[in-house]
Amino acid sequence: MFAKLLPKSVRFFELLLKQSALLLNTAKHLEQSFIDPSSLDEKYKIIALLEDEADALHTRITRELTQTFITPIDREDILHINQAQEDCIDVLQNLATRMHIYAFEHMRFPSLKLMGTMCRMLELTQMMVIGLSKKQDVHKTRAFRALRSDCEMLLSAGFAELYDRAELQEESFLEMLKWTRAYDGLEQTVGEVVKLAEAIEEAVLKSV
C-alpha cells in the first residue's frame, strides 16, 4: 500500500533515447532508398512500421508526463524534445511517401547529399540527447550549424540545377514539378531537424 503512495519515477531519458534511435533509423532507411532507388518500396514499408512505433512511444512519453511528479529535467523540455523528435519522424515519413509516389529512377546528386547530411545532423542530435541524459554538454552545436549550412547550400544548388535553362529542354515539365516538390519536402525536413536541435540546446542550457 505504501509503495503506491510514493512518487512515480519514469526513466524519461531511456524513452527519449529510444525515440531518437527510431528517428535515426528512419532517416538511414530513407537515405538508403536515395542511394538505391530500387529499394524504395521495401524501405517505404519499413519506415511506415517505424513511424507507427514512434507514434506509440510519443503517446507513452506524453501520458507518462501527465502522471509523473518527478522528472530528471523540466517537464516542458521533455515535452518539447519528445514533440520535436516526433515531428521529425513524421516529416521523414511524409518525404518517404512523396518519393515513393514519384518513383524516381535515379536521384539527383544534391538530393542524395542532402539526405546524407541530414542523417549526420540526426547523429549529432542523438549525441546531444545522450549528453543531456548525463548532464553533460557534448558541444555539438558548431558541428551541427556547419551541417545546416551545407544543407542550405545543397538546397540552393538543387533548385538552381533543376531550373537551369539548358536542362529544362531535356526534362518534362512534370518531372521538374515532381523534383520541386521533392526538394520542398527535403527543405521542410531540414527545418524540423533544426527545431529539434534547438529544443535540445535549450534544455542543455537550463539543465547542464
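First, a word on what this report is: a plain description of the structure on this page.

### A few points about helix H6 (residues 141–162)
Taking 1.5 Å per residue, 22 residues should reach 32 Å; H6 reaches 31 Å between its end C-alpha atoms and fits that length. Taken as a whole, H6 has its buried residues at Phe144, Leu147, Cys151, Leu154, Leu155, Gly158 and Leu162. Buried residues of H6, viewed axially, fall in a sector of 105°; they line one side. Within H6, the exposed residues directed more than 90 degrees away from the buried face are Arg142, Arg145 and Met153.

### Digging into a nonpolar patch on the surface
Together, Phe173, Leu174 and Leu177 line one region of the surface with nonpolar side chains, adding up to about 340 Å² of accessible area. Residue placement: Leu177 occurs in helix H8 (residues 173–207). Judged by its relative accessible area of 40%, Leu177 is partly exposed.

### Here's the deal with the nonpolar core
Where a protein is soluble and globular, its nonpolar side chains tend to be buried together. By size, the foremost hydrophobic cluster in this structure holds 60 residues, and its most contacted members are Met99, Met115 and Leu186. Here this core gets 14 residues from one element, more than from any other, and that element is H8. Apart from the residues lying within four places of it in its own chain, the contact partners of Leu186 are Phe34, Leu95, Ser111, Leu114, Met115, Met118 and Leu155.

### Quick look at the pattern of salt bridges
Taken as a whole and judged by the stated rule, the model has eleven salt bridges. The salt bridge partner of Glu14 is Arg11, with a shortest N-O separation of 3.2 Å. Classification of Arg11 by relative accessible area gives exposed; the value is 61%.

### Digging into the packing of aromatic side chains
All chains considered together, the criterion is met by four aromatic pairs. Considering the side-chain rings of Phe159 and Tyr183, the 5.4 Å spacing of their centres and the 50° angle between planes classify their relative orientation as tilted. Of this pair, Phe159 sits in helix H6 while Tyr183 is found in helix H8, placing the two residues 24 residues apart along the sequence. Overall, Phe159 belongs to the partly exposed group, its relative accessible area being 21%. Given a relative accessible area of 0%, Tyr183 falls into the buried group. Among the aromatic side chains, those forming a connected cluster through ring pairs are Tyr102, Phe104, Phe159, Trp179 and Tyr183.

Rules used in this analysis
- Residues numbered from 1 in each chain as written.
- Predicted model: local features only at pLDDT ≥ 70, side-chain atom pairs only at ≥ 80, totals over all residues.
- Heavy atoms only, no water.
- Helix = DSSP H or I, 4+ residues; strand = E, 2+ residues; numbered from the N terminus.
- Expected span 1.5 Å × (residues − 1).
- Buried < 20%, exposed > 50% of the residue type's maximum accessible area, 1.4 Å probe, protein only.
- Arc of directions from axis to C-beta.
- Patch = residues over 30% accessible without salt bridge, like charges linked within 9 Å, V, L, I, M, F, W, Y side chains within 5 Å.
- Areas by Shrake-Rupley, 256 points an atom, 1.4 Å probe, with all protein chains shown as cover.
- Salt bridge = Lys/Arg side-chain N within 4 Å of Asp/Glu carboxyl O.
- Core = buried A, V, L, I, M, F, W, Y, C linked by side-chain atoms within 4.5 Å.
- Contact = heavy atoms within 4.5 Å.
- Phe/Tyr/Trp six-rings, centres within 6.5 Å; stacked < 30°, edge-to-face > 60°.

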